[in-house]
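# Secondary and tertiary structure notes
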Amino acid sequence: MACMKLGSKSDAFQRQGQAWFCTTGLPSDIVVEVEEMSFHLHKFPLLSRSGVMERLIAEVSEGDKKCVICLPKIPGGAKTFELVAKFCYGVKLELTASNVVYLRYASEQLEMTEEYGEGNLNTQTETFLNQVVLRNWKDSLKTLQTCDDIPCAEEHHVTKRCIESLTTKACTDPNLFGWPMMEHGPMQSPGGSVMWNGISTGARPKHSSSDWWYEDVSTLSLPLYKRLICTMESHGIRLEILAGSIALYAKKYLPGLNRHQGANESTSRLMAVTSGALPEEQKVLLEEIDHLLPVQKGLVPTKFLFGLLRTAMILKANPSCLANLEKRIGMQLDQATLEDLLMPNFSYSTETLYNFDCVQRILEHFLAMDQITGGSSPCSVDDGQLIGSPSLTPITTVAKLIDGYLVEVAPDVNLKLPKFQALAAAVPEYARPLDDGLYRAIDIYLKSHPWLAESDREQLCRLIDCQKLSLEACTHAAQNERLPLRIIVQVLFFEQLQLRTSIAGCFLVSDNLDGSRQLRSGLAGSTECGWTTAVRENQVLKVGMDNMRMRVSELEKECSSMRHEIEKLSGTKGSSTWGNVSKKLGFKMKSQMCSAQEGSVSNQNNGSAKIDKAKERHAKHKKNSSRDGFAL
C-alpha cells in the first residue's frame, strides 16, 4: 500500500490510560476531548494550523490557566485526532489509503487550509488522493471502503472519484497499470515472482482475464458495490462480465448458492444460517442482486438463477422478486437440468414434496416467450412428421425435460390429478417427437395412485399419442394392466398399422431398385466404360437388396409375433381381430394382413360382436397377470 510521509520531528506523544500527553518540556495549557480520550496539548501549535481551534481557544477566558475544548464530531474519532495533533506539532506520520479520507474530512472540519499555514493538512491529503490513491487499483479500493464510515464523503465527491477510478481500471488491461510495468510482459524468477531488472520483487504476475477484479470488489458493502456496478454499466463494460461479478458477490454473501454440497446439505446449511439475525439483511441483498442482474437471456447461468429462486423461497422474498426470478428462468428453461427443477416445497401449507406450481409457472413463461419469438410455429408438416427446424430444438429439449420431471414427481401420492394432467398437457404436441417419456410418467402415476376411477385413468391416458410410441413402449403398453382397455386396443392397432406400412414400403423400395438396375444395365451396354460402371453399380445394388431382404424378414417375424399376441389376447384368429378393431375404433378401412409363407394380402370384414369377448378375456387377463412399470 502506497503512503506519503509528513513531518520530521520524532514522536513526542505518550499515552497514559485514556489520555495523551505531549512531552515537549512545557506544561500543557489546553485539553481537547474527543470521544472518551483526552489530549493534553498546547494552544499555539493548534491555533497556528486550524481556524476552528483558533476561534474555540479565543472564546475561552484569558484568566483561565487551562482551557478544555470538546470535539464530538471528528471523522474517525480519537485515532484521527491523534494524527491531526501530530501534524500540528510536525511529528512524523504517514498518509495511507486507509486514513487519508478521515484526515481529509477532519482537516475540512477543523479548517486546516492554506490560510493557516503553507502545506496544511487539507492540501496534503488532497494531493495524496489525486496523485497516489486514484492512480492505483488497490489504494482506490481501500479508500472507497473507508467512505462507508464517513457520511460527508459525498460532499467533496471522494466516493465518486474512487468509483470512477475503479471503473476506468476495470476497463483496462491490468498489466498496463501498477508496479512493476514491463514493456514485453513480466519476466518471472524460478520461484514464480516478477523480476525487475533481474531482481526478484516477490510480487506474483498478474493475469489479464476479464474477471481479475471480481474478488477485489466483492469486499465492498452492498451500497458501494451497487454504485460501482451501475457506473461500470454506464461506461459500457460488457453485461456478461458484470453478470459474472454479481454472481460471485451473491455466492459470497448468500449461503446455499454454492452447489458443491448436495441439495439437501446446501438447503440445511441455508436454513441454519437464516435462523439467526441475518435473514432480513440477506433478503435485502437477494432483492438487490435481482435488480442488478442483466435481463438479457443467457447472460446469467440457469443453475445460478435456480439457486437464487430457492434462496428467495426460504427467505420469503417479496412476490415481485420471486416472479421476476421465475420469468428469468422461463426465458432460458431449455438450458436447465432435471436437478434444477426438483425444488423442495418450503411451504407448510402444501403437502407435495416438490414445488410443482413453481415449475408450471416457469413453463408458462417459456411457452409465452417461445410464441413471441416464433419458435412454436413449425415450418411444415408432412404425413404427421415435423420437418426439422432449428427453432424447434429449445422446445423439444424443454418437452423432454418436463417429461423427466413428471417421471420424478409421479410417485408423490399427494400430487393431485388435475395438476399432473395440466403440466403434462401444457407441452405442445409437436414438441414431443416420441411420447415414451410421457407414457412412462403416466404409467408411474397410475401405479402410485391405484384409487383413481376408470374415467380419470382414461382421461389421463388420452394425453398419449399412440402413433408416437416406440416399439418397446407399444409392447409394454399392450401388456400393461393399469391402462384402460380402449388405450390398449389403440396401441395394438397403431402398432400393427405401423408394421404393415413399413413392410409395404420395403417392398416398394425393392421394386424400384429392380427397375433401376435393369435401366442402368441397358444403358451401360453401349460402351466398355459404361459396362464397368454398371458392374460396380450392380454390386452395390446387390448388397443393398440383401440388406433389404434381411430387413423385410425381420419385419415379417415381428408381424407374425404381433399377430400371435393379438390372437392370444382376443381368443380369435388374427384376420378377424383386425376387422373388429377397425370397427370399434371407427376406422373405415380394410384390414390387410401380411404373411411371409403365403405371400398374399387378404381383405376381411367381420362384425363387431367379438369385441365383447375380447373385453371379457382381457378382464380375466388382468386378474391373472401383473406387469412391472415401463422403463425407458
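Everything here concerns the structure above.
Presented here is a report on the structure given in the accompanying data block. (Residues numbered from 1 in each chain as written. Predicted model: local features only at pLDDT ≥ 70, side-chain atom pairs only at ≥ 80, totals over all residues. Heavy atoms only, no water.)

### Considerations on the overall build of the chain
Along its length, the chain carries 25 helices and 14 strands. When the 632 residues of the chain are sorted by exposure, 44% land in the buried category. Restricting the contact set of the chain to residue pairs at least 6 apart, pairs at least 24 apart contribute 69%. For the chain, the exposed surface amounts to about 33,600 Å²; the carbon and sulfur share of it is 53%. (Helix = DSSP H or I, 4+ residues; strand = E, 2+ residues; numbered from the N terminus. Buried < 20%, exposed > 50% of the residue type's maximum accessible area, 1.4 Å probe, protein only. Contact = heavy atoms within 4.5 Å. Areas by Shrake-Rupley, 256 points an atom, 1.4 Å probe, with all protein chains shown as cover.)

### Considering the side chain of Thr167
In this fold, Thr167 is placed in helix α7 (residues 158-170). The class for Thr167 is buried, based on a relative accessible area of 0%. With residues up to four places along the chain from it excluded, the contact list for Thr167 reads Leu228, Thr231, Met232, His235 and Ile237.

### Considerations on the sheet that holds strand β6 (residues 67-70)
Across the sheet, five strands lie side by side as β2-β3-β5-β4-β6; this open sheet has mixed pairing. Sheet topology places β2 (13-16) and β6 at the edges, where each strand pairs with a single neighbour. Across this sheet, the average inter-strand angle for adjacent strands is 20 degrees, counted without regard to direction. Relative to strand β3 (residues 19-22), β2 runs antiparallel, the two sharing four bridges. Among the inter-strand pairings, Gln16 is bridged to a residue of β3, identified as Ala19. Sitting on the sheet, helix α3 (residues 77-89) is in contact with β2, β3, β4 (30-34) and β5 (37-41), with an inclination near 10 degrees to β5. (Pairing = 2+ DSSP bridges. Axes fitted to C-alpha atoms, helices over the stretch in contact; angles between N-to-C directions.)

### Remarks on the packing of helix α19 (residues 436-448) against helix α20 (residues 454-461)
One can describe the packing of α19 onto α20 by two numbers: an axis separation of 11 Å at closest approach and a directional angle of 165 degrees. The angle between α19 and α20 falls in the class roughly antiparallel. The two elements α19 and α20 meet at a crossing, and its hand is right-handed. Of α20, the residues touching α19 (which contributes Ile442, Tyr445 and Leu446) are Arg457, Leu460 and Cys461. In terms of residue class, the contact of α19 with α20 is built from five nonpolar, no polar and one charged. (Parallel < 35°, antiparallel > 145°, perpendicular 65-115°, else oblique. Left-handed = near helix turned anticlockwise from the far one by under 90°. Nonpolar A, V, L, I, M, F, W, Y, C, P; charged D, E, K, R; others polar.)

### Regarding the nonpolar core
If you look at the biggest cluster of nonpolar residues, it comprises 151 residues, and the most contacted ones within it are Leu41, Trp213 and Leu308. In terms of residues, this core owes the most to one element, helix α17 (residues 393-409), which gives nine residues. The contact partners of Leu41, leaving out residues within four places of it in the chain, are Phe13, Cys22, Ser28, Asp29, Ile30, Leu46, Phe81, Ala85 and Tyr89. (Core = buried A, V, L, I, M, F, W, Y, C linked by side-chain atoms within 4.5 Å.)

### What to know about the packing of aromatic side chains
The description of an aromatic ring pair rests on the distance of the ring centres and on the angle between the ring planes. Under the criterion given, the structure shown has eight aromatic pairs. Ring centres of Trp213 and Tyr214 lie 5.0 Å apart, and the angle between their planes is 85 degrees; on these two criteria the pair is classed as edge-to-face. For Tyr214, a relative accessible area of 10% translates into the label buried. Just above the ring of Tyr105 sits the side chain of Arg104; from NZ or CZ to the centre is 5.9 Å. (Phe/Tyr/Trp six-rings, centres within 6.5 Å; stacked < 30°, edge-to-face > 60°. Lys NZ or Arg CZ within 6 Å of the ring centre and 35° of its normal.)

### Description of the environment of Ser38
Along the polypeptide, Ser38 turns up in strand β5. As for Ser38 and Gln18, which are separated by 20 residues in sequence, their C-alpha atoms are 6.4 Å apart. Those residues in contact with Ser38 that sit more than four places away from it in its chain are Gln18, Ala19, Trp20, Val31, Val32 and Glu33.

### Let's talk about the pattern of salt bridges
Evaluated as defined, the whole model comprises 18 salt bridges. Where Lys138 meets Asp216, a salt bridge forms, and the shortest distance between an N and an O atom there is 3.2 Å. Of this pair, Lys138 sits in helix α6 (residues 137-146) while Asp216 sits in helix α8 (residues 214-217); the two residues are 78 residues apart in sequence, bridging distant segments of the chain. Residue Glu240 pairs with Arg238 through a salt bridge whose shortest N-O separation is 2.9 Å. Note on Glu240: relative accessible area 38%, which makes it partly exposed. Judged by its relative accessible area of 48%, Arg238 is partly exposed. One salt-bridge network, held together by shared partners, links Arg104, Glu108, Glu126 and Arg161. (Salt bridge = Lys/Arg side-chain N within 4 Å of Asp/Glu carboxyl O.)

### Comments concerning α6
When you tally the buried positions in α6, you get seven out of ten residues, the bulk of the element. All of the buried residues in α6 are Trp137, Asp139, Ser140, Leu141, Thr143, Leu144 and Thr146. Each element contacted by the buried residues of α6 is listed here: α4 (100-109), α5 (121-131), α7, α8 and α9 (222-234). Measuring from the backbone nitrogen of Lys138 back to the side-chain oxygen at the start of α6 gives 3.0 Å, which picks out Asn136 as the cap. (Polar contact = N/O pair within 3.5 Å; in protein donor to acceptor, adjacent residues only side chain to side chain.)

### Details of α17
The terminal C-alpha atoms of α17, which comprises 17 residues, lie 25 Å apart, in line with the 24 Å expected from a rise of 1.5 Å per residue. Where α17 is concerned, the buried positions are Ile395, Val398, Ala399, Leu401, Ile402, Asp403, Tyr405, Leu406, Val407 and Val409. (Expected span 1.5 Å × (residues − 1).)

### Notes on the state of the cysteines
Summed over the entire model, instances satisfying the criterion amount to zero disulfides. This cysteine, Cys147, is not joined by any disulfide, and Cys162 carries the nearest cysteine sulfur, 5.2 Å off. (Disulfide = S-S within 2.5 Å.)

### Quick word on the side chain of Thr159
Among the secondary structure elements, Thr159 is positioned in helix α7. Residue classification places Thr159 among the buried positions, given a relative accessible area of 1%. Contacts of Thr159, omitting those with residues within four sequence positions, involve Leu144, Cys147, Ala153, Glu154, Leu224 and Arg227.

### Quick notes on empty space enclosed by the protein
All told, the structure shown has four cavities of 30 Å³ or more when counted by the stated rule. Size it by volume and the second largest cavity reaches roughly 40 Å³. Lining the second largest cavity are Pro294, Val295, Gln296, Lys297, Val300, Leu305, Arg328, Met331 and Gln332. (1 Å grid on protein atoms, 1.4 Å probe; cavity = no way out; pocket = protein on both sides within 12 Å on 5 of 7 lines; lining within 4 Å. Points joined across faces, edges and corners; volume = space filled by probe spheres on them.)

### Topic: unusual backbone geometry
Even without being glycine, Glu111 reaches a positive phi, approximately 60 degrees. Residue placement: Glu111 occurs in the loop between α4 and α5. For Lys316, which is not glycine, the phi torsion reads 60 degrees and is therefore positive. On the secondary structure map, Lys316 appears in the loop between α13 (302-315) and α14 (319-331).

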